[in-house]
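Now for the letters of each chain:
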Amino acid sequence: MSGARIAVLASGTGTNLQSLLAHFAEHGESHPSAGHVALVASDRRGAGALERAARAGIPISVVRSPRAPDAPPLAEVLDAHRIDLVVLAGFLTLVPGDVTRAFAGRIVNVHPAPLPRFGGSGMYGLRVHRAVLASGEPRSGPTVHFVDDVYDRGPAIAHWPVPLLAGDDDHALAARVLRAEHLLYPRVVAALAAHRVRLHADGRVSGQFAGRELPRFDPALPDSVLAHRLDEALAR
Ligand code: GRF
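About the thresholds
Residues numbered from 1 in each chain as written. Predicted model: local features only at pLDDT ≥ 70, side-chain atom pairs only at ≥ 80, totals over all residues. Heavy atoms only, no water. Helix = DSSP H or I, 4+ residues; strand = E, 2+ residues; numbered from the N terminus. Polar contact = N/O pair within 3.5 Å; in protein donor to acceptor, adjacent residues only side chain to side chain. Contact = heavy atoms within 4.5 Å. Axes fitted to C-alpha atoms, helices over the stretch in contact; angles between N-to-C directions. Parallel < 35°, antiparallel > 145°, perpendicular 65-115°, else oblique. Left-handed = near helix turned anticlockwise from the far one by under 90°. Phe/Tyr/Trp six-rings, centres within 6.5 Å; stacked < 30°, edge-to-face > 60°. Buried < 20%, exposed > 50% of the residue type's maximum accessible area, 1.4 Å probe, protein only. Lys NZ or Arg CZ within 6 Å of the ring centre and 35° of its normal.

Caption draft 1: The side chain of Asp 170, seen in detail. Structurally, Asp 170 can be placed in helix H6 (residues 170-193). Within polar-contact distance, the side chain of Asp 170 engages the side chain of Arg 130 at 2.7 Å. Beyond its immediate chain neighbours, meaning those up to four positions away, Asp 170 contacts Leu 126, His 129, Arg 130 and Leu 133.

Written out as structure tokens, the structure reads:
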């Protein structure tokens, strides 16, 4: 296998990990330079994401965190697996500064709401969606951004607006935003792996997603149609 060696970091069930694996399995052969998932690491023993990875035959590791104080530090594990690109997918531990500095422009996260308004320490899980519902905003949607040493602060790469619907509760909104994440995140990661997205020293982001209008996220459409429209918009 060739291309970027990608590490996915996850604390939870890892549905984003699953969507990344599915995307790379489907498109990897036609674009081998896009890279592959070479490691899945978690700050939590027993995270569902580790089980998913093990089932897929991908190397797994637990890394040091308040929940796993005796595990090896993240920097050491990334180094041992010769990782080029770090992808956070529901990773709840703050990434240490040595890692964010070493991987500047090569470490990304997906957040399930617009940033910076609905992000920051403690803004994860259903709390994010409750805050959006309470704000009266008509839209939410995932934001993919570069990671620095402050939660949810790094420069944004892509945001896909997702409408709120009448009668929404936190669970319904979370599920709708997660659908959009599963479509958007693998495409951003593939673009990064293929050097089609760049972070500049002044914090500017250029490349495939910069200034590009994404197709409307219509929740009534099947994923296959949304994926096709997204690919068409990105190919323009
Ligand atoms: C997603 O909502 C993502 O936006 C956030 O954490 C959640 C991870 O979900 N950063 P999963 O473990 O990928 O299902």
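Once the structure has been displayed, the description carries forward.
Caption draft 2: Examining the packing of helix H1 (residues 15-27) against H6 more closely. Taken N-terminus to C-terminus, the directions of H1 and H6 make an angle of 50°; their axes are 9 Å apart at the nearest point. Classified by the angle between their axes, H1 and H6 sit oblique to one another. Between H1 and H6 lies a crossing whose hand is right-handed. When H1 is examined against H6, the residues Thr 15, Asn 16, Ser 19, Leu 20, His 23 and Phe 24 are found in contact with a partner set consisting of Leu 178, Glu 181, His 182, Tyr 185, Pro 186, Arg 187, Val 189 and Ala 190.

Caption draft 3: Examining the packing of aromatic side chains more closely. Summed over the entire model, instances satisfying the criterion amount to one aromatic pair. Residues Trp 160 and Phe 217 carry aromatic rings whose centres are separated by 5.2 Å and whose planes lie at 90° to one another, so their mutual orientation is edge-to-face. Placement of the pair is Trp 160 in the loop between strand E8 (156-159) and strand E9 (162-163) and Phe 217 in the loop between strand E11 (205-207) and helix H7 (223-235), with a sequence separation of 57 residues. Taking the relative accessible area as the measure of exposure, Trp 160 reaches 0% and is therefore buried. The buried category is assigned to Phe 217, whose relative accessible area is 2%. Positioned over the ring face of Tyr 124 is Arg 127, at 4.9 Å from the centre of the ring.

Nothing here speaks to function; it is all geometry.
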